Amino acid sequence: MRLELDLLSLSAILYPLSSIGGTHPLLPSLDRLTPMSVRVRYAPSPTGSPHVGNIRTALFCYLYSRHTGGENMIRLEDTDRTRYVPGSEEDIMESLHWVGIEWEEGPDKGGPYAPYRQSERKETGIYQPYIDQLLASGQGYKAFDTPEELAEMRKIQEQNKKALGYFGGDWREAMPEQVAETEKAGKPFVIRLKMPRGRTLSCVDAVRGRIEWDSDTCDDQVMIKADGMPTYHFAAMVDDHLMGITHVIRGEEWISSTPKHVFLLESLGWEPPIFVHTTIIKGKDGSKLSKRHGDTRCLDFRAAGYLPEALVNFIALIGWAPGGDRELMSKAQLIEAFTLDGLQPSPGVFDIDKLRWMNGNYIRALDPLDLGARLEAYVSSEETFEYWLKPEFATEGTHAYLGLLREGFARGKSYALATLPLVQERVHTLADFGEATAFFFNDEPPMDPKAVEKWFGEPYVGPLFDRFILELGIAPKTLAELETIVRDYAAEAGFEKLGPIVHPLRVALTGKTTGPGLFELMEVLGKDRMVARLTRAKGLLKL
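The model shown is predicted, which means the values in this text are computed figures rather than measured ones.

Peer 1: Quick question: what am I supposed to make of helix H22 (residues 479–492) here?
Peer 2: Compared with an ideal rise of 1.5 Å per residue, which puts 14 residues at 20 Å, H22 spans 20 Å between its outermost C-alpha atoms and is within 8% of the ideal. Looking at H22, one finds that the buried residues are Leu-482, Ile-485, Val-486, Tyr-489 and Ala-490. Down the axis, H22 shows its buried residues gathered within 125° of arc, on one side only. In H22, the exposed positions that point more than 90 degrees away from the buried face belong to Ala-491 and Glu-492.

Peer 1: Even after reading the chapter, I still don't get the pattern of salt bridges, so can you show me in this structure?
Peer 2: A side chain of one charge can pair with a side chain of the opposite charge when the charged atoms of the two come close. Under the counting rule described, the total for this entry stands at 43 salt bridges. For the salt bridge of Asp-351 with Lys-284, the shortest nitrogen-to-oxygen distance reads 3.6 Å. Here Asp-351 is found in the loop between strand S12 (348–350) and helix H13 (352–364), whereas its partner Lys-284 is found in the loop between strand S11 (281–283) and helix H10 (298–304), with 67 residues between them in sequence. By relative accessible area, which is 18% here, Asp-351 ends up buried. Classification of Lys-284 by relative accessible area gives exposed; the value is 52%. Look at the salt bridges and you will find they share partners, linking Arg-41, Arg-75, Glu-77, Arg-121, Asp-239 and Asp-240 into a network.

Peer 1: How should the packing of aromatic side chains be read in this particular structure?
Peer 2: The relation between two aromatic rings is expressed through the spacing of the ring centres and the mutual angle of the planes. What the rule picks out here adds up to 19 aromatic pairs. Where Phe-301 meets Tyr-306, the ring centres are 5.8 Å apart and the plane angle is 70°; that geometry is what we call edge-to-face. You'll find Phe-301 and Tyr-306 in the same group, each marked buried. Geometrically, the ring pair formed by Tyr-415 and Phe-440 is edge-to-face, given 6.4 Å between the ring centres and 80° between the ring planes. On the criterion of sequence distance, the pair formed by Tyr-415 in helix H18 (residues 413–423) and Phe-440 in helix H19 (residues 432–441) is long-range, its members being 25 residues apart.

Peer 1: For this particular structure, what's the right way to read the state of the cysteines?
Peer 2: Where two cysteines share a covalent bond between their sulfur atoms, that bond is called a disulfide. Tallied over the entire structure, the rule returns 0 disulfides. With no disulfide of its own, Cys-218 lies 12 Å from the sulfur of Cys-203, the closest cysteine sulfur. Judged by its relative accessible area of 4%, Cys-218 is buried.

Conventions used here
Residues numbered from 1 in each chain as written. Predicted model: local features only at pLDDT ≥ 70, side-chain atom pairs only at ≥ 80, totals over all residues. Heavy atoms only, no water. Helix = DSSP H or I, 4+ residues; strand = E, 2+ residues; numbered from the N terminus. Expected span 1.5 Å × (residues − 1). Buried < 20%, exposed > 50% of the residue type's maximum accessible area, 1.4 Å probe, protein only. Arc of directions from axis to C-beta. Salt bridge = Lys/Arg side-chain N within 4 Å of Asp/Glu carboxyl O. Phe/Tyr/Trp six-rings, centres within 6.5 Å; stacked < 30°, edge-to-face > 60°. Disulfide = S-S within 2.5 Å.

Now the structure itself:
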């Protein structure tokens, strides 16, 4: 494979040909493309729940269709029944809905090119005329090799350090009589594409420019499997043509298959779409993205407490640059900025720390009612607790903290809502609210031993607690009144700074030396809770 950047060709991809003056010979079909004619598709296989890379492809399709005023489509490529995972189709749709990706056509909505599941399209006979055409023209052929014969072929290729793949075997040039006789005998067969020899195949990729392949390095791809189901390589290209897809946005792992797709389209007399191969996603250490770099399954991010708008913003910037130094971008801003020339040729990096930072910014931007509604829904979901009870998280205690918050909402929603703004600036995920607010809902919050050792041995602390118990017993106090009591006591006791007064009070009320503003948390706790906690703390004083 050879890569050669062709700026004119790339320009033709990004803008209508009329705007660059003339027609490029490599792109004969682009003169009919305008922003309004863009049609893209996200075509997942239901072989598992979608991960970050899958959702990024779907997101790029959505953003590009919206930016150009085009159309977005969902097509399920479910012809490989051996890898089909029950429930994965539902996970795909749920993931897309959660992150806010929209489409005009799909298996759930129908459309002018229905059906949108390839297994159903196969049953309607959509693919058969094109297989018949390829067989009749000699561009396709039936191959009867057994699994054992294929394994032996591969073994010989490996031993002789030859290219791996099927380059003809006994059937590429078999006589029609031999094929008919073998088929009549009932021997299973596949139908392969007869790749040309001695040619250069090429396409213009929107990210990399012109890509060329020596056809002699391309093996004869299976188009129809022995069970009669079409492969991805065949069905996807047929469907893309029939459904009017103008841009095929997919991962760069498909580049090696592209010459087969280009030749298949040529053999059927069709013009190719614009291929847009996005780069792989790597971890911060430069290795292939895996579970150890952070959650990669889309719905795991929901269970972990990430906001969908933050995840969309984060994923959009993996391998795509909007220009300038913009990072926090709304969906509308992403749509406005998204063009293919922003796609990067180098691998994108998945940085969980950046996602946490970004998510924290989105949380801090939520108004109290929205935050409360989202958090209540989060702690009410069984998905949340199933996630945090996984063995890798069970020892962190997050599930217990979130359980306290869920009980807090159940016991008194107004009180629970009042606690949230006090910690909103200190968290990065919805899950962080559990531990951050735990002391509000635990009537006897665990005491930090070091804090107790440091502050509860001071002789003035007992009278301080007594004073507050007395003052609080008179009537509920406003934030301003609470602050006045603290400042007045500090002055009476001869303290120039509030620290010696604030710290023991904070430890008594929360069990910690750090947290939200003391006066704010006191106001939310209310007099009854504070009296009970101060009374409890008195029993821990070193007399």
